[in-house]
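The residues making up each chain are set out below.
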Amino acid sequence: VINHTVSTCLPAVSTSCRYFLAARMWTIGALSAAAVRLPACGSKPSSSRGSPIVMATMQAEQVAVGDDFPNVPITLVTDGCAAEDNCPLLDSSTDLFSSGRNVLVGMPGAFTPTCTDEHLPGYIRGAGKFRSLGVSTVAVVTTNDRFLLTAWKRAMSACLRAEGKASLDGMVSMLADKDADLIKALGVAYNSKLDTKANKFFQLNAGIRSKRFALVVEEGRVAHVAVDEGETDLDATSAESILAWLEERGRASRPSKTRSALQPTLEAEGPGKAAWGAALVASLVGLVASQEGVVAGGGVSFRELVEGLF
């Protein structure tokens, strides 16, 4: 069939040349057929972190708590940088997530409905709350280029105005990972096939895309991983869910009140002395009730200091 096609299209070509071209076409066709016989998206990851798994693309196993954040080049899209071709190219770990507490949010793509209507606006509204919980950087990454991310930033103007802001810069850092280097290093890439019947907005992002995920990175190490499967589901990766996790982590890290060494001694020597000790504490607390200044350097009120002694 291939030889007949070559003969029909190129009648003046010699027989030997036709067979050569036919052989080349057959080889290309065979390689293309082999390429599409990859395992379906969502293949089970291999057991060791960092080893590649086969989906529609080669990538690391999905990131897990305790992993070091990978260091790959990523483009930071700031206002006007796309048109001027001077968007900063950063190292994802060294420049963005090596120190402090940071949040990285992955979204399937710019202008997709859930990302535009719910996911990104949630992080815009929560920017101040994230800062109050010690988050240095909230960043959003998609596998779009800097031009599409610039247009998406502009499209969020109504949401920004509601927060009294003119730009996303300084609130949420937008990262363009057009070659999916970071997404594949995190093991959260998947292949979105072109489907003419699907929502047209998703087709802007057909190809290698990011799962919907959220990471909390502390001192360069992953402390929390959340993933919402599917292109439109939004739950564990929402701004509200990540804020709730951060608040719970803050409560868990606060030192609990411990009993003083004197307390068991009073209890062991009988109820009389224990009652005497309780009365003494009550008297001391009453005396300092109006002196609620903070003890220098300790961050503890004077009342709490006295109570802690007993």
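All of the points below concern the structure found in this document. (Residues numbered from 1 in each chain as written. Predicted model: local features only at pLDDT ≥ 70, side-chain atom pairs only at ≥ 80, totals over all residues. Heavy atoms only, no water.)

**Here's the deal with unusual backbone geometry**
The phi angle at aspartate 85 is positive, at roughly 55 degrees, despite the residue not being glycine. One can find aspartate 85 in the loop between α3 (81-84) and β4 (89-91). Non-glycine residue alanine 180 carries a positive phi angle of around 60 degrees. Mapped onto the elements of the fold, alanine 180 is located in the loop between β7 (173-176) and α9 (181-185). With relative accessibility at 3%, the residue alanine 180 sits in the buried group. (Helix = DSSP H or I, 4+ residues; strand = E, 2+ residues; numbered from the N terminus. Buried < 20%, exposed > 50% of the residue type's maximum accessible area, 1.4 Å probe, protein only.)

**Regarding the packing of aromatic side chains**
Per the stated rule, a full pass over the model turns up two aromatic pairs. The interplanar angle of 15 degrees and the centroid separation of 5.5 Å between the aromatic rings of tyrosine 123 and phenylalanine 130 together place this pair among those described as stacked. Like tyrosine 123, the residue phenylalanine 130 is buried in the burial classification. (Phe/Tyr/Trp six-rings, centres within 6.5 Å; stacked < 30°, edge-to-face > 60°.)

**Let's talk about the state of the cysteines**
The tally for this structure, following the rule as stated, stands at one disulfide. Covalently, cysteine 81 is tied to cysteine 87 through a disulfide, its sulfur atoms 1.9 Å apart. The chirality of the disulfide connecting cysteine 81 with cysteine 87 is right-handed, given an S-S dihedral of about 80 degrees. Just as cysteine 81 is buried, cysteine 87 falls in that class too. (Disulfide = S-S within 2.5 Å.)

**Quick word on the environment of aspartate 181**
Along the chain, aspartate 181 turns up in helix α9. When its relative accessible area of 36% is taken as the criterion, aspartate 181 is described as partly exposed. On a C-alpha basis, the gap between aspartate 181 and proline 73 in space is 7.6 Å, while along the polypeptide they are 108 residues apart.

**What about the sheet that holds strand β10 (residues 212-218)?**
Taken in spatial order, the seven strands make up an open sheet running β4-β3-β7-β6-β5-β10-β11, and their pairing is mixed. Strands with a single pairing partner mark the edges of an open sheet, and in this sheet they are β4 and β11 (221-228). When the angles between neighbouring strand axes are averaged without regard to direction, this sheet yields 30 degrees. Two strands pair when backbone bridges link them, and strand β5 (residues 101-106) and β10 are joined in this way by six bridges, in the antiparallel orientation. Bridging across to β10, valine 105 finds its partner in alanine 214. (Pairing = 2+ DSSP bridges. Axes fitted to C-alpha atoms, helices over the stretch in contact; angles between N-to-C directions.)

Function cannot be inferred from these measures alone, as they are strictly geometric.
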